[in-house]
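Observations on the three-dimensional arrangement
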Amino acid sequence: MQKTNVASMAEIAIFAGLAMVLDFFTQPMSIGPWISLSFKMVPIFLIAFRRGTKPAIVAGLIWGILQVALGQAAGGWLNLWQGFLEYFVAFSLIGFAGIIRPLFNQTLKKNQPLRSWAIMVLGILIGSLSRYIIHFIAGIIFWGSYAPKGQSALVYSAIINSSSCLGETLACIIALSLLFPFIKRFLLIN
């Protein structure tokens, strides 16, 4: 049991670090003026599918802490509550992708690649939406005053955050779909 805990903790640290490296060293690819593709959530999804919800939540939290500690917190902190929500809570919630892990493992063991892939995509959607719901709420509460004149904070937050969510989610689905045939054995823990 202890060996599993040490391995799990090491993987959490490694995957949080990989997310930070991707965040730090890769530039999002733009599609039009609003949508940018970014693969930085991929490591958190990998730990979610391999270890489950709790380890992925911890990895997301560590990634959020690293962003703040290393000065990568995009847009900065308006106040303590906004920073807490957008860096600690939002990044932790990516780990909710791990909710699908039992079903995902079951389909992997039964060698059902199409079902496994569909469940993986569902996990990506759950993790991405969980994160961006927090960004959307923070956008209304804390960033709404930056909305163009005549536009409500709700619409402004929806536009800004949905474009980010769409681009990052799509990029993660593409990346993990391409990697899926090669990482199936890695994701399955007996």
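Because the structure is predicted, anything quoted here is derived from the model rather than measured.

1. Side note on the overall build of the protein chain
Counting secondary structure elements, the protein chain contains 7 helices and 2 strands. Ordered by position in the sequence, the α and β elements of the protein chain form the string α-β-β-α-α-α-α-α-α. In summary, the protein chain has a C-alpha radius of gyration of 17 Å against a globular reference of 16 Å for 190 residues, a match within 12%. The dimensions of the protein chain, computed from C-alpha atoms along their principal axes, are 55 × 35 × 25 Å. Looking at the protein chain as a whole, 44% of its 190 residues are labelled buried. Put simply, of all contacts in the protein chain between residues at least 6 apart along the chain, 73% involve residues at least 24 apart. In the protein chain, 13 side chains carry a positive charge and 4 a negative one; their mean positions are 15 Å apart.

2. Things to note about the packing of helix α5 (residues 101–109) against helix α7 (residues 153–187)
One can describe the packing of α5 onto α7 by two numbers: an axis separation of 11 Å at closest approach and a directional angle of 105 degrees. One finds that α5 runs roughly perpendicular with respect to α7. Contact residues: α5 offers Phe104, Asn105 and Leu108, while α7 offers Phe180, Lys184 and Leu187. Here the contact of α5 with α7 is composed, by residue class, of 4 nonpolar, 1 polar and 1 charged.

3. What to know about the nonpolar core
Core analysis: the largest hydrophobic core is formed by 36 residues, its most contacted members being Phe45, Phe49, Trp63, Phe104, Ile124 and Leu176. Taken together, the elements giving at least two residues each to this core come down to α1 (2–25), α2 (42–51), α3 (53–69), α4 (80–93), α5, α6 (113–141) and α7. Leave out the neighbours within four places in its chain, and tryptophan 63 touches Ala16, Ala19, Met20, Asp23, Lys40, Met41, Ile44, Phe91 and Ile94.

4. Overview of the environment of phenylalanine 186
By the secondary structure assignment, phenylalanine 186 is in helix α7. With relative accessibility at 32%, the residue phenylalanine 186 sits in the partly exposed group. Through-space distance from the C-alpha of phenylalanine 186 to that of isoleucine 140 is 40 Å; in sequence the pair is 46 residues apart.

5. With respect to unusual backbone geometry
Even without being glycine, asparagine 111 reaches a positive phi, approximately 55 degrees. Of note, asparagine 111 is situated in the loop between α5 and α6. Its relative accessible area of 59% is what places asparagine 111 among the exposed residues.

6. Quick look at the pattern of salt bridges
The tally for this structure, following the rule as stated, stands at 5 salt bridges. Two residues, arginine 50 and glutamate 11, come together in a salt bridge whose shortest N-O distance is 2.8 Å. In this pair, arginine 50 sits in helix α2 while glutamate 11 sits in helix α1, placing the two residues 39 residues apart along the sequence. Comparing arginine 50 with glutamate 11, the two get one shared label, buried.

7. Quick word on the state of the cysteines
Two cysteines joined by a covalent bond between their sulfur atoms form a disulfide. In this structure the tally under the stated criterion is 0 disulfides. Looking at cysteine 165, it has no disulfide partner, and the nearest cysteine sulfur is the one in cysteine 172, 10 Å off. Residue class for cysteine 165 comes out buried when judged on its relative accessible area of 12%. The class of cysteine 172 is buried, set by a relative accessible area of 0%.

8. Thoughts on the UniProt feature "transmembrane region" (unreviewed entry) in the protein chain
When the UniProt feature table is mapped onto this chain, "transmembrane region" (unreviewed entry) is found at residues 7–25, 31–49, 56–78, 84–104, 116–143 and 155–183. Spanning residues 7–25, this segment combines 100% helix with 0% strand, and its end C-alpha atoms are found 26 Å apart. Secondary structure across residues 155–183 divides into 100% helix and 0% strand, with the first and last C-alpha atoms of the span separated by 39 Å.

Conventions we followed
- Residues numbered from 1 in each chain as written.
- Predicted model: local features only at pLDDT ≥ 70, side-chain atom pairs only at ≥ 80, totals over all residues.
- Heavy atoms only, no water.
- Helix = DSSP H or I, 4+ residues; strand = E, 2+ residues; numbered from the N terminus.
- Rg over C-alpha atoms; globule rule 2.2 N^0.38 Å.
- Buried < 20%, exposed > 50% of the residue type's maximum accessible area, 1.4 Å probe, protein only.
- Contact = heavy atoms within 4.5 Å.
- Lys, Arg positive; Asp, Glu negative; His and termini not counted.
- Charge placed at Lys NZ, Arg CZ, Asp CG, Glu CD.
- Axes fitted to C-alpha atoms, helices over the stretch in contact; angles between N-to-C directions.
- Parallel < 35°, antiparallel > 145°, perpendicular 65-115°, else oblique.
- Nonpolar A, V, L, I, M, F, W, Y, C, P; charged D, E, K, R; others polar.
- Core = buried A, V, L, I, M, F, W, Y, C linked by side-chain atoms within 4.5 Å.
- Salt bridge = Lys/Arg side-chain N within 4 Å of Asp/Glu carboxyl O.
- Disulfide = S-S within 2.5 Å.
- UniProt positions renumbered as here; feature names shortened; annotations may be inferred.

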